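One letter stands for each residue in the lines below.
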Amino acid sequence: MAYEIRTFGDPVLKTPAAAITQIDGKVARLVDDMFDTLYASDSGIGLAAPQIGVQKQIFVWEIDDEAMVIINPEIVESRGEWVYDEGCLSIPGLYVEMLRPNEVLMRGLDLDGNEIEIEASELMGRLFQHELDHLNGMLMFDRMTPDQRKEALAEYRRIVDEQAAAKPRRLKLK
Ligand code: ZN
């Protein structure tokens, strides 16, 4: 079942998520719901549990038709630098050029409880860092310099206002 994605301003996005201590049927259902929500979104490639209001350390992603999940992830190594126009399903419409490490080594558990390690760079490396931030209660705004943040917040407010203004106009046409 697809859930509504929590957006910027929702306190759940600022709360660090708890580690998963038992991988059971509830976790499997959560993963199904997270993929349903991800596929129902316009442009998402990754989704962290707090984005649907669940304070658990788990995220899912799909790149090149490969659907993956990781539980209790941590980044154990990072290298290099890469600039990318980053977006977030919880800050819809905003894309900001962000500098982060390029290559990362992520460690965590799969759905069977086995330890897994994944090395990634560029888009996938960026996705890992972005989703891990969600599990730590951080959004893109928290990674910006004060000037960048001011500008990005103003742009996001404009996007939200435009979306709000577009709705009543459509209703009047009916
Ligand atoms: Zn995000």
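Residues numbered from 1 in each chain as written. Predicted model: local features only at pLDDT ≥ 70, side-chain atom pairs only at ≥ 80, totals over all residues. Heavy atoms only, no water.

**Let's talk about the environment of Val-60**
Looking at where Val-60 falls in the secondary structure, it is placed in strand 2 (residues 58-63). Val-60 sits in the buried class, given a relative accessible area of 0%. Sequence separation between Val-60 and Glu-4 is 56 residues, and the spatial gap between their C-alpha atoms is 16 Å. Excluding residues that lie within four positions of it along the chain, Val-60 makes contacts with Val-31, Met-34, Phe-35, Leu-38, Ile-45, Gly-46, Leu-47, Met-68 and Val-69. (Helix = DSSP H or I, 4+ residues; strand = E, 2+ residues; numbered from the N terminus. Buried < 20%, exposed > 50% of the residue type's maximum accessible area, 1.4 Å probe, protein only. Contact = heavy atoms within 4.5 Å.)

**Considering the coordination of the zinc ion**
Here the zinc ion is held by the protein donor atoms Cys-88 (SG), His-130 (NE2) and His-134 (NE2), which lie 2.0 to 2.2 Å from it. In the primary structure, the donors to the zinc ion are separated according to the pattern C-x41-H-x3-H. In this pair, Cys-88 is assigned in the loop between strand 4 (82-87) and strand 5 (95-100) and His-134 in helix 2 (residues 122-135), connecting sequence segments 46 residues apart. On the basis of relative accessible area, Cys-88 is assigned to the buried category, the value being 9%. Judged by its relative accessible area of 1%, His-134 falls in the buried class. (Donors = N, O, S within 2.8 Å, 3.2 Å for Na, K, Ca; no water.)

**A closer look at the packing of aromatic side chains**
Pairs of aromatic rings are described using the distance from one ring centre to the other and the angle between the two planes. For the structure on display, the rule yields eight aromatic pairs. Aromatic pair Trp-61 and Phe-128: ring centres 4.9 Å apart, planes at 70 degrees, arrangement edge-to-face. Of this pair, Trp-61 sits in strand 2 while Phe-128 sits in helix 2; the two residues are 67 residues apart in sequence, bridging distant segments of the chain. The burial state of Trp-61 is the same as that of Phe-128; both residues are buried. Within the aromatic cluster, the residues linked to one another by ring pairs are Phe-8, Phe-141 and Tyr-156. (Phe/Tyr/Trp six-rings, centres within 6.5 Å; stacked < 30°, edge-to-face > 60°.)

**Here's the deal with the sheet that holds strand 3 (residues 66-79)**
If you walk across this open sheet you meet the five strands as 1-2-3-6-7, and the pairing is antiparallel. Strands with a single pairing partner mark the edges of an open sheet, and in this sheet they are strand 1 (46-48) and strand 7 (115-120). Across the sheet, the axes of successive neighbouring strands diverge by a mean angle of 40 degrees, strand direction being ignored. Against the sheet, helix 1 (residues 25-40) contacts strand 1, strand 2 and strand 3, and its axis sits at roughly 45 degrees relative to strand 2. Here helix 2 sits on the sheet in contact with strand 1, strand 2, strand 3, strand 6 (103-109) and strand 7, set at roughly 155 degrees to strand 2. (Pairing = 2+ DSSP bridges. Axes fitted to C-alpha atoms, helices over the stretch in contact; angles between N-to-C directions.)

**Thoughts on helix 2**
Relative to the 20 Å expected for 14 residues at 1.5 Å per residue, helix 2 spans 20 Å between its end C-alpha atoms, a close match to the ideal helical length. Across the 14 residues that make up helix 2, a large majority, 11, are buried. For helix 2, the full list of buried residues reads Gly-125, Arg-126, Leu-127, Phe-128, Gln-129, His-130, Glu-131, Leu-132, Asp-133, His-134 and Leu-135. (Expected span 1.5 Å × (residues − 1).)

**Observations concerning the pairing of strand 5**
Taking every second residue as pointing to the same face, the buried face of strand 5 carries Val-96, Met-98 and Arg-100, while none of Tyr-95, Glu-97 and Leu-99 on the other face is buried. Two strands pair when backbone bridges link them, and strand 4 and strand 5 are joined in this way by six bridges, in the antiparallel orientation. Bridging from a neighbouring strand, Glu-86 pairs with Val-96 of strand 5.

Read these as layout, nothing more, since geometry by itself doesn't imply function.
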